[in-house]
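Okay, here's what each chain looks like letter by letter:
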Amino acid sequence: VNASLLEGSHSLQPGDRIFAGHLTIDVCESPSKSGETRSVVRFVRQDTDSFRREATIVTNLNEVLGEGPQKSAQSALNTTRAIRALIRAGQELAGHRPLQQLFEVILELALSAVEAKRGVILITENGTLSERASRGDEFTISTAVRDRVIRDRAALLVKDALIDSALRKQDSIILQRIRSFMAVPLQTGDQVIGLLYVDNGTLFRPFSQEDLELLTVMANVAGVRIEHGRLLAVEQQEQLTQMEMGQASELQQNLLPSEAPEVAGYDIAGFNLPCRTVGGDYFDFLQYSDGRLGLFIADVCGKGMPAALLMSSLQARVEMLFETEPDAATAMTVLNRNIARRCPIGRFITAFYGVLNPERGVLDYANAGHNYPIVLRATGDIETVQGGGLVMGLFGTVSYEPHSLALNKGDLLVLYSDGVTEASPVAGGSQFGEAGLTAFLAAHQSYSCQDILSKLVRHVREWSGASVFADDFTIVLVRRE
């Protein structure tokens, strides 16, 4: 009982173990009461000496690998090279390594497992095989071998290349004195991501079928590990990109006004929502020292990071010019000349720049191909602010004409980008359009400009059925009280 010789009566307790010949009896705990939970795993008391019974075999990983001090010659012979190779592969591939380092480790494991002297790992990228790790040089692999491995997922062994009539004439076989080679697919499930090739010279033993089987299994394990490493690298890069894009978005939002300026007799508000993390729309309020207010809105061709970078460059130039060039048309002409020098081919910017004299209620402006602003008059009339020129960035010699607009009390000036009027339902159909915009504004003209913008964004989202707009959404409202 419990590894002690029973010489008399013994009161059994839960957890006791009785040994009688080849029979073992465990004394269990009493049945649990109704409603009690019992552990899935139960440990029973057992002396260490009981492990020495002849029915129990004890070993450890070092013993299996033939590295333990108690390893006998006979047991070492019974431990196959394949088992040792696979255990080592499991150990080496368990950790996290950079992808390129992983290729080197896999190749070293493969060469060691089959006792090969040379080898190369080729990975499929964009339809072609690219070398990722190699031991040796001047590898020549026939297209037939390549296609058979990649297309048919076949593992190939040539025991003696010098006997094969198609191979023994190849210069690489002769120069490298290649005797035997194997080529196996690196695959994950049914997908082949590359191949593993190893060879041996005439001074070494030829490969066997057991070598091929071992290399095939190792290549499958390696393929899974490589694909995992590739996905992990992609995930890490995506996380880094998202973090960088988040920082870029924060920086870009800081380039836009956080709030509208307070101008006596006017209600002013602006709103920008990029369709991606960063965008190409830009608006700004520029306060002149003489009390005038500059209104700038622009739309860079394109979306995402390229448009955002060009928008940042535009913002910096606008900040420098608005004080030195107080006239809207002159400022727009100088701005275009500066941008055209460095604007990438195929890129351009639409922009509207107006300078408001609050006391007079007059807006002097210039338009570079931007959407015509809209004025909702206090009388109920709706006007389109005409007059404009070519988009910026194409030709540096363009000059922009000055125009003027009078704002009376109660009039509402609307500056917007095409992301507002070109919004459309997710399922397709007509665009929101200028008609939809003016109808909404007319119906909500009694609200403050900030409330109008909030309601407009919510309305367009509900109308289009999209939580994210297809284009950058920017709008500026100025009402003379």
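Residues numbered from 1 in each chain as written. Predicted model: local features only at pLDDT ≥ 70, side-chain atom pairs only at ≥ 80, totals over all residues. Heavy atoms only, no water.

A. Quick look at the overall build of the protein chain. From N to C terminus, the protein chain includes twelve helices and 17 strands. Of all 481 residues assigned to the protein chain, the portion counted as buried reaches 42%. Approximately 26,200 Å² of the protein chain is accessible, and the part contributed by carbon and sulfur atoms is 51%. (Helix = DSSP H or I, 4+ residues; strand = E, 2+ residues; numbered from the N terminus. Buried < 20%, exposed > 50% of the residue type's maximum accessible area, 1.4 Å probe, protein only. Areas by Shrake-Rupley, 256 points an atom, 1.4 Å probe, with all protein chains shown as cover.)

B. Representation of the nonpolar core in the model. By size, the foremost hydrophobic cluster in this structure holds 51 residues, and its most contacted members are Phe296, Leu314, Tyr353, Met392 and Leu413. Contact partners of Leu314, with chain neighbours within four places excluded, come to Tyr282, Phe296, Ala298, Leu335, Ile339, Ile349 and Met392. Within the second largest apolar cluster, 31 residues are counted, among which are Val105, Ile121, Leu215 and Ala222. (Core = buried A, V, L, I, M, F, W, Y, C linked by side-chain atoms within 4.5 Å. Contact = heavy atoms within 4.5 Å.)

C. Summary view of the packing of helix 3 (residues 81-92) against helix 7 (residues 209-255). Viewed as axis vectors pointing N to C, helix 3 and helix 7 meet at an angle of 15 degrees, and their least axial separation amounts to 11 Å. When the interaxial angle is binned, helix 3 and helix 7 end up roughly parallel. Note that helix 3 runs across helix 7; the crossing there is right-handed. Seen from helix 3, the contacting residues are Arg81, Ala82, Ala85, Leu86 and Ala89; seen from helix 7, they are Asp211, Leu214, Val217 and Met218. Residues belonging to the contact of helix 3 with helix 7 are distributed by class as follows: seven nonpolar, no polar and two charged. (Axes fitted to C-alpha atoms, helices over the stretch in contact; angles between N-to-C directions. Parallel < 35°, antiparallel > 145°, perpendicular 65-115°, else oblique. Left-handed = near helix turned anticlockwise from the far one by under 90°. Nonpolar A, V, L, I, M, F, W, Y, C, P; charged D, E, K, R; others polar.)

D. Fine view of the pairing of strand 17 (residues 473-480). Of all eight residues making up strand 17, eight are buried, and the element is well covered by its neighbours. Neither face of strand 17 is exposed, since Phe473, Ile475, Leu477 and Arg479 on one face and Thr474, Val476, Val478 and Arg480 on the opposite face are all buried. Summarising the sheet, strand 8 (residues 266-273) and strand 17 pair through eight bridges and their orientation is antiparallel. Paired with Ala269 across the two strands is Leu477, which belongs to strand 17. Relative to strand 17, strand 16 (residues 412-416) runs antiparallel, the two sharing five bridges. Across the sheet, the residue bridging to Tyr416 is Ile475, located in strand 17. (Pairing = 2+ DSSP bridges.)

E. Layout of the packing of aromatic side chains. Counted under the stated rule, the structure contains nine aromatic pairs. Summarising the aromatic geometry, the rings of Phe181 and Tyr197 are spaced 5.5 Å apart at their centres and angled 35 degrees between planes, so their arrangement reads as tilted. On the criterion of sequence distance, the pair formed by Phe181 in strand 6 (residues 178-188) and Tyr197 in strand 7 (residues 191-201) is long-range, its members being 16 residues apart. Here Phe181 matches Tyr197 in class, with each residue buried. Pairing Phe283 with Phe285 gives two aromatic rings, centres 5.7 Å apart and planes at 75 degrees, and the pair type is edge-to-face. The same class applies to Phe283 and to Phe285, which are both buried. The rings of Phe139, Phe181 and Tyr197 are connected pair by pair, giving a single aromatic cluster. (Phe/Tyr/Trp six-rings, centres within 6.5 Å; stacked < 30°, edge-to-face > 60°.)

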